[in-house]
Each structure stands twice: as C-alpha cells, then as structure tokens.
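Each chain, written out:
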Amino acid sequence: MTQRSVGRGRSFGSRRKLGALAGLFALVAAGCAKASDKQQNGLRPAGKGARDIYHLFMPFVVIAVLVGLGVMFATVYFAIKYRERPGNENPRQVHGNTKLEITWTILPALIMIVMAVFTVDLIWNQAGSHPGSLHVTVTGKQWWWEFDYTNNTGKQVFTANELHIPAGRYIDFSLRSDNVIHSFWIPSLNGKKDVMPGHLNTMWVKADASDAGKVFYGQCVEYCGLSHADMRLKVFVDSPADFQKWYQSQLPGWTPTEVATFNKWNSTYQCSGCHYIKGVDATTDKAVEKGTMPIDFGPNLTHLDERTTFASAKYQLTRDNLWQWIYDAPAHRAGEFGKPNECPKRGANGAVHTDKDPCHVGMPSFKNDPVEPMSPDTAKQIADFLLGIPKQ
Ligand code: CUA
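(A) Molecular detail of the packing of helix α8 (residues 319–328) against helix α9 (residues 376–386). Between α8 and α9, the shortest axis-to-axis distance is 8 Å and the interhelical angle comes to 125°. It follows from the interaxial angle that α8 and α9 lie oblique. The element α8 and its partner α9 pack so that their crossing is right-handed. The segment α8 lies against α9, with R319, L322, W323, I326 and Y327 engaging P376, A379, K380, I382, A383, D384 and L386. When the residues that make up the contact of α8 with α9 are grouped by side-chain class, the tally is nine nonpolar, no polar and three charged.

(B) Representation of empty space enclosed by the protein in the model. Applying the stated criterion across every chain yields a total of three cavities of 30 Å³ or more. In terms of lining residues, the largest cavity is bounded by 36 residues, among which H275, P299, L301, W325 and M363 are the most central. For the lining of the largest cavity, the secondary structure elements donating two or more residues are α6 (256–269), β11 (309–310), α8 and α9. The element that contributes the greatest number of residues to the lining of the largest cavity is α8, accounting for three residues. Taken domain by domain, the makeup of the lining of the largest cavity includes at least three residues from each of domain 1 (39–79 + 99–246) and domain 2 (256–301 + 318–387). Counted as a void, the second largest cavity has a volume near 100 Å³. Considering the residues around the second largest cavity, the lining is formed by 14 residues, among which Q156, F158, Q250, N300 and T302 are closest to the centre.

(C) Representation of the nonpolar core. Judged by nonpolar contacts, the single largest core of 33 residues is most densely connected at Y149, F173 and F184. Only β1 (134–141), β2 (144–148), β4 (162–166), β5 (171–177), β8 (201–205), β9 (215–220), β10 (232–238) and α5 (240–249) provide two or more residues apiece to this core. Dropping the residues within four chain positions of it, Y149 is found in contact with L134, H135, V136, V157, T159, L163, H164, F243, W246 and Y247. Judged by nonpolar contacts, the second largest core, of 28 residues, contains L304, W323, A329 and A379.

(D) Examining α6 more closely. Taking 1.5 Å of rise per residue, 14 residues should cover 20 Å, and α6 covers 19 Å from first to last C-alpha, within 8% of that figure. The largest bend along α6 reaches roughly 45° and is located at N263. Taken as a whole, α6 has its buried residues at E258, V259, F262, W265, N266 and Y269. Close packing links the buried residues of α6 with α9. Positive backbone phi, approximately 50°, marks Q270, located one or two places after α6.

(E) The packing of aromatic side chains, seen in detail. Across all of its chains, the model carries 20 aromatic pairs by this definition. Seen in terms of ring centroids, W145 and F184 are 5.3 Å apart; in terms of plane orientation they differ by 65°. Their pairing is edge-to-face. Of this pair, W145 sits in strand β2 while F184 sits in strand β6 (residues 182–185); the two residues are 39 residues apart in sequence, bridging distant segments of the chain. As far as the burial class goes, W145 and F184 line up, both buried. On the basis of an interplanar angle of 35° and a centroid distance of 5.8 Å, the ring pair of F243 and W246 is categorised as tilted. Taken together, the residues F243 and W246, both in helix α5 and three residues apart, mark about one turn of the helix. Overall, the relative accessible area of 9% leaves W246 in the buried class. Pairwise contacts between aromatic rings join W145, F147, F173 and F184 into one cluster. The residue whose ring lies beneath K380 is W323, and the NZ or CZ to ring-centre distance is 4.7 Å.

Reading guide: rules and limits
Residues numbered from 1 in each chain as written. Predicted model: local features only at pLDDT ≥ 70, side-chain atom pairs only at ≥ 80, totals over all residues. Heavy atoms only, no water. Axes fitted to C-alpha atoms, helices over the stretch in contact; angles between N-to-C directions. Helix = DSSP H or I, 4+ residues; strand = E, 2+ residues; numbered from the N terminus. Parallel < 35°, antiparallel > 145°, perpendicular 65-115°, else oblique. Left-handed = near helix turned anticlockwise from the far one by under 90°. Contact = heavy atoms within 4.5 Å. Nonpolar A, V, L, I, M, F, W, Y, C, P; charged D, E, K, R; others polar. 1 Å grid on protein atoms, 1.4 Å probe; cavity = no way out; pocket = protein on both sides within 12 Å on 5 of 7 lines; lining within 4 Å. Points joined across faces, edges and corners; volume = space filled by probe spheres on them. Domains from an automatic or database assignment. Core = buried A, V, L, I, M, F, W, Y, C linked by side-chain atoms within 4.5 Å. Buried < 20%, exposed > 50% of the residue type's maximum accessible area, 1.4 Å probe, protein only. Expected span 1.5 Å × (residues − 1). Bend = angle between axes of the 7 residues up to and from the residue. Phe/Tyr/Trp six-rings, centres within 6.5 Å; stacked < 30°, edge-to-face > 60°. Lys NZ or Arg CZ within 6 Å of the ring centre and 35° of its normal.

None of the figures reported here should be taken as evidence of function without further support.
Listed below in structure tokens is the structure:
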C-alpha cells in the first residue's frame, strides 16, 4: 500500500468528522439564537452600562478582525510566493532585520496599550457609585440570588431571584457571597463581575427610561457547583411609579390568620427553619429588623406569590411546578439536599447550618422525610396557600 492511499483513507474519515462538527456548530448556533430571544444578549445592550461595554467592544472586534485577516493573508501570500521550487530552495532570510523586528514589536505594543487604557478606564468606571442611586446588595447563594434593598430606607426589603429596578436610575450593586465564587451577569444591562466570599465587589446598571416594562434575564457565569447552570435571575425594569408600588408591596408581613394556617404545616416540616417569612416568628422579625441575624439560608417566602418564577428562575411559578418542588425538590434539580454534594454535617431535615459551615442548604425531599413523609395532597395545599389562592 502506498503512502498516498493511506492518506486518502484518513481524509475521508476526517471529512465525516468535519461534517459532524459542522452539524454540532449549527446546533450550538441555533441554541444561541434562542437565548437571544430571551433577553440575554450582550450584543443588544439595553442600558448605559452594557452600551459602554458594547461601544468599547465593537472597535476592538474590528481591530482584531483586521489584524487577524492581515496575518492570514500574509501567511498564505508568503507561503505561495516563497514556496520551494527549482532555483529557490532556500528563500532569502529576514532574520536579524532590525527595521522589521522593531516594527513588529512596537506596532502590536502600541495597539495593546491603547486598548488597555480604554479598558482599564471602563473597568474602574463600572465599579463606581452614583449619588441618588438605588442600592441593592446581591448575595450569591448555592444556587440562587438574594437581592437586598435595605440600605435605601433601612426597611427590611429583600427578595430572591427576581430583581426589580426603576428605569432611568442608577442602581449601585454590592456583590457578596457567603459560600463559593459566583459571577453576576445581566448581559443586556452590564458586564459580568465575580461575587466572592470575603471580598465586596461593586458594579452598577442603569436601564434606559424607555426600557420600562421590559424583562431581562441574567445568569451566574462562574462554575459554583452542581446547579451552577440553573442559577439564573430575572430582571424587571419598572417605571419609577411601578417600582414604588412593588417596593411598598414587599413591606407587610403575613397576617396572624395566614400564619395560623401556615403553622399547620410549618410545625411538621419546619419551613421557617430555612425560609424567612415576616410575621411567623416575632423574635426572628426583631433580629432581621436590627440586622443582627444574617439571612444565610433559603429564599424569603413572604411575598413568593408576587414572583413569576422560583428555584433561581428555573421554573415558572405555577401550582403544578410549585407543589412538585415542595414535595420532592431533589428530584428536579441537582445539588438540592439529598444529592451527592450535600453538607455532611446537616441533620435529617436540612435545618442544621452554622456560619462556620460553608455548605449550602438545599431544599430537602419532603416526600422522603424520615419523620413524616409528605403526601402529594399536602404539597398541593401548601402550594395553593403560598400562591395566595385561599389566602385572599
Ligand atoms: Cu453561582 Cu455559578
């Protein structure tokens, strides 16, 4: 067998691989197109922060494409022009050509310096704060987001996974984590920034006034454990009046009647051991009011019924989704309590958790509760109650 026929056989196989690769690429591209429909697209900026980045990014792309094309064309051109042929076995060498060497050292360095100056300036700018801004503390959890508005009026307003912001106003974020490193990114509104334990990062967004009524999605973009890919968030850009309405709606706690109904289930399944609900326990309320009790467990459920999604915006907040989640959360999402990376120090119902213990607290399976397994009917009743169906 000649060398040539071996080569031909191999190239046929690699052509099929290439076809498969092209197919895969088309699939990925189609997936990206779908994501852009869901308002998660940095190339369609909707606010000042994302637009500043876009206006820096696009000239860089043009420069990179021009340099890339130049290098490619030069490589092909010189490869053909100086190819081996009779009488030209060893082309003229340019090694040691001082003028050329200085040119190709200084030119890229100059381009990089110019790019660096604009980039560093923008990085500093994006970490800045603004007088008259709304302040929101973002805490990365495993695996969901907490948004705390308390720093604005001193009133305890904090929610999970769904961020409400007024259009046309600067929102200054403080980014913190009490577990591992996450990264906070709302592609349409701003660049990504790490959310890390032991270090406070800052960034801001400012949605255009004309964006009032729009919804954007965000995503954790730093691998943070099993459900990293499920760690989404939803941003509602409200008109200033709608924002005030939403903010006021977050202030009241549950009524004694609501608490009494809820305690039927709470006494058995200890929901309030992990979830804060204003009105359920006076001591906890006081501690939260004073800021002396760190809310380092599950999402605040006081106003769950006003949200549209749950479990880090993974599921639509429907009765069916919610009761199945309450019934057996680990069956629906990786890393909830009962899955491989559960915290070994926790008690059977997931309530044991201290600051020294860096493990996340996942939602347990109440279907498999060791003390009193929950029935689907009970899960449905709890879901109905939380959604406000018999509550109002
Ligand atoms: Cu949080 Cu990835």
